[in-house]
Amino acid sequence: MDTPLDSASTPAYDDVRTAPRALATEAVHAGRDDLARQGLHAPPIDLSTTYPSYDSRAEAARIDAFATDGAELDGTPVYGRLGNPTVARFETALARLEGTEAAVAFASGMAALSAVLLVRSAAGLRHVVAVRPLYGCSDHLLTAGLLGTEVTWTDPAGIADALRPDTGLVMVETPANPTLAEVDLRAVAHACGSVPLLVDNTFATPVLQRPAEQGARLVLHSATKYLGGHGDVMAGVVACDEELAARLRQVRFATGGVLHPLAGYLLLRGLSTLPVRVRAASATAAELAARLADDPRVARVHYPSIGGAMVSFEVHGDPHAVIGGVGLITPAVSLGSVDTLIQHPASISHRIVDADDRRGAGVGDRLLRMSVGLEDVEDLWADLDRALGERPGPPSVRGLHEVMS
Ligand SMILES: *Cc1c(COP(=O)(O)O)cnc(C)c1O
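Not measured: the values here are computed from a predicted model.

*Asks:* I'm lost on the pattern of salt bridges in this one. Help?
*Replies:* If charged atoms from side chains of opposite charge come close, those side chains can pair. This structure, assessed with the given rule, holds 23 salt bridges. Here R132 makes a salt bridge to D139, at a shortest N to O gap of 2.7 Å. Looking at R132, the relative accessible area reads 22%, which means it is partly exposed. On the accessibility criterion, D139 (4% relative accessible area) is buried. A salt bridge links D241 to R217; the nearest nitrogen and oxygen atoms lie 2.7 Å apart. Here R217 lies in the loop between α9 (205-208) and β6 (218-222) and D241 lies in the loop between β7 (236-240) and α10 (242-255), a separation of 24 residues in the sequence. Residue R217 is classed as partly exposed on the basis of its relative accessible area of 29%. Residues joined by salt bridges that share partners form a network here, namely R21, E26, D33 and R96.

*Asks:* Where do I start with a nonpolar patch on the surface in this structure?
*Replies:* Taken together, I45, L47 and L262 make up a surface patch of nonpolar side chains, about 260 Å² in accessible area. Counting through the fold element by element, L262 comes out in helix α11 (residues 261-293).

*Asks:* What is the right way to look at the site of the ligand in this model?
*Replies:* The environment of the ligand is formed by 14 residues, the closest being G109, D200, S222, T224 and K225. Within the contact set of the ligand, an oxygen atom lies 2.8 Å away from a side-chain nitrogen or oxygen of K225. Considered on its own, the ligand offers 380 Å² of accessible surface; in the complex 94% of this is hidden by protein. Considered class by class, the residues forming the shell around the ligand number 5 nonpolar, 6 polar and 3 charged.

*Asks:* Sorry if this is basic, but what is going on with the sheet that holds strand β9 (residues 310-315) here?
*Replies:* Backbone-to-backbone hydrogen bonds pair the strands of a sheet. The strands run either parallel or antiparallel. One open sheet holds the 5 strands; their spatial order is β8-β9-β12-β11-β10, and the pairing between them is mixed. Edge positions in the sheet fall to β8 (298-302) and β10 (330-331), since each of these pairs with one other strand and no more. Along the sheet face, helix α14 (residues 377-388) touches β8, β9, β11 (341-343) and β12 (367-371) and points at about 20° away from the line of β9.

*Asks:* In this structure, what is going on with the nonpolar core? I would like to understand it.
*Replies:* Most often, soluble globular proteins keep nonpolar side chains buried together rather than apart. Counting 48 residues, the largest nonpolar core has F90, L197 and L227 as its most contacted members. By residue number, the principal contributor to this core is α11, which donates 7 residues. Shared between two domains, this core holds at least three residues of each, these being domain 1 (7-274) and domain 2 (275-388). Beyond its immediate sequence surroundings of up to four residues, L197 is in contact with V170, V172, L185, V188, A189, C192, A216, R217 and L218. Judged by nonpolar contacts, the second largest core, of 26 residues, contains L113, A115, V119 and L198.

*Asks:* Explain the domain arrangement of the protein chain here, please?
*Replies:* Accessible area lost upon the coming together of the parts serves often as the stated size of an interface. By the assigned domains, the protein chain splits into domain 1 (7-274) and domain 2 (275-388). For domain 1 and domain 2, the distance between their C-alpha centroids amounts to 28 Å. On the domain 2 side, the residues contacting the 36 residues of domain 1 number 34 residues. A combined buried area of about 2700 Å² lies between domain 1 and domain 2, and 65% of that area is made up of carbon and sulfur atoms. Linking domain 1 with domain 2 are 1 salt bridge.

Conventions and cut-offs
- Residues numbered from 1 in each chain as written.
- Predicted model: local features only at pLDDT ≥ 70, side-chain atom pairs only at ≥ 80, totals over all residues.
- Heavy atoms only, no water.
- Salt bridge = Lys/Arg side-chain N within 4 Å of Asp/Glu carboxyl O.
- Buried < 20%, exposed > 50% of the residue type's maximum accessible area, 1.4 Å probe, protein only.
- Helix = DSSP H or I, 4+ residues; strand = E, 2+ residues; numbered from the N terminus.
- Patch = residues over 30% accessible without salt bridge, like charges linked within 9 Å, V, L, I, M, F, W, Y side chains within 5 Å.
- Areas by Shrake-Rupley, 256 points an atom, 1.4 Å probe, with all protein chains shown as cover.
- Near = heavy atom within 4 Å.
- Polar contact = N/O pair within 3.5 Å; in protein donor to acceptor, adjacent residues only side chain to side chain.
- Nonpolar A, V, L, I, M, F, W, Y, C, P; charged D, E, K, R; others polar.
- Pairing = 2+ DSSP bridges.
- Contact = heavy atoms within 4.5 Å.
- Axes fitted to C-alpha atoms, helices over the stretch in contact; angles between N-to-C directions.
- Core = buried A, V, L, I, M, F, W, Y, C linked by side-chain atoms within 4.5 Å.
- Domains from an automatic or database assignment.
- Buried area = accessible area lost by both parts, 1.4 Å probe.

Okay, here's the thing in structure tokens:
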């Protein structure tokens, strides 16, 4: 979407753009490679909703091309709902981080998932096979059939048998919200055959897991979480191949769930620190998971084998007392911010899921979900320790290996 660089395009510049680069380098440079040659450092924010054009024949041809192929428009944008240069920078960067051809950004994670479901339904493929647990509202969207889809819930081993001729999508989340259950993506991708696999990668981020490399055709993020990273922007994005991206852009244009350019700017800024944030918060989360696993007030700790900054745990006592007892930690839904958040999934994030389905998916009434931020580990532990209340009896001797999953 950016103005072509023509004279500014030099061999050195092209080399930089095409050479393989490590994730930490992509996080800082992807989507910004043209800036220095334009005499810019920070990416410009383009707030235009419309764009002047004196050649309406050319516009007609470009709009026809978008309507037929959904290809990104070359040259000047036309209208904000068709595409925005600042948002396009974020999309370019996220596609580089996930290792996909393209990415399409939306106003929220749910808008992104809705667009995927609409794309598949429009192809006559209304059936979805999904594995619980999923994020509560994703579960609700599928179960309620709000977009005319029909869902079959299964476990990873049951995916192949659940496929039907009208199955348009298989959906999994790993590590899953809120139990942090993991699925073997390669095995699941194999079971899907030719049906596209969508992986919600919100919890792992491309820093810890790149599902496209393991066979996923669509990688979904609630960018509201780690990608933005500061709790101040709501967004969603789907990383995928160009063929599906084209259909997603057409649905976004027709249904209007676009991302605001300011949000696109904040997300691009968030990506530059994503690897550092995720690694630092993960180290703290692993330490807290180990201490919780050794704590007699805690019945069970869930911490993913691939690491990450999310820790879930079941308490012996009243989970609501823990939520009411934190001071430094913020009792709030959502995750992936620089500060630590804790919430009770059965009351909030997964409240909208039927209680039996919720418990069946391992989301018990004593489960708490914590999103670990960038605070000092000792300060966080002191706060948790206080919130957990009195320690019963002598300290437990249970080892970490027995209770971690
Ligand atoms: C929050 C979340 C969503 C929904 O994203 P929004 O940006 O809130 O619409 C989807 N999946 C997961 C795993 C989430 O945590």
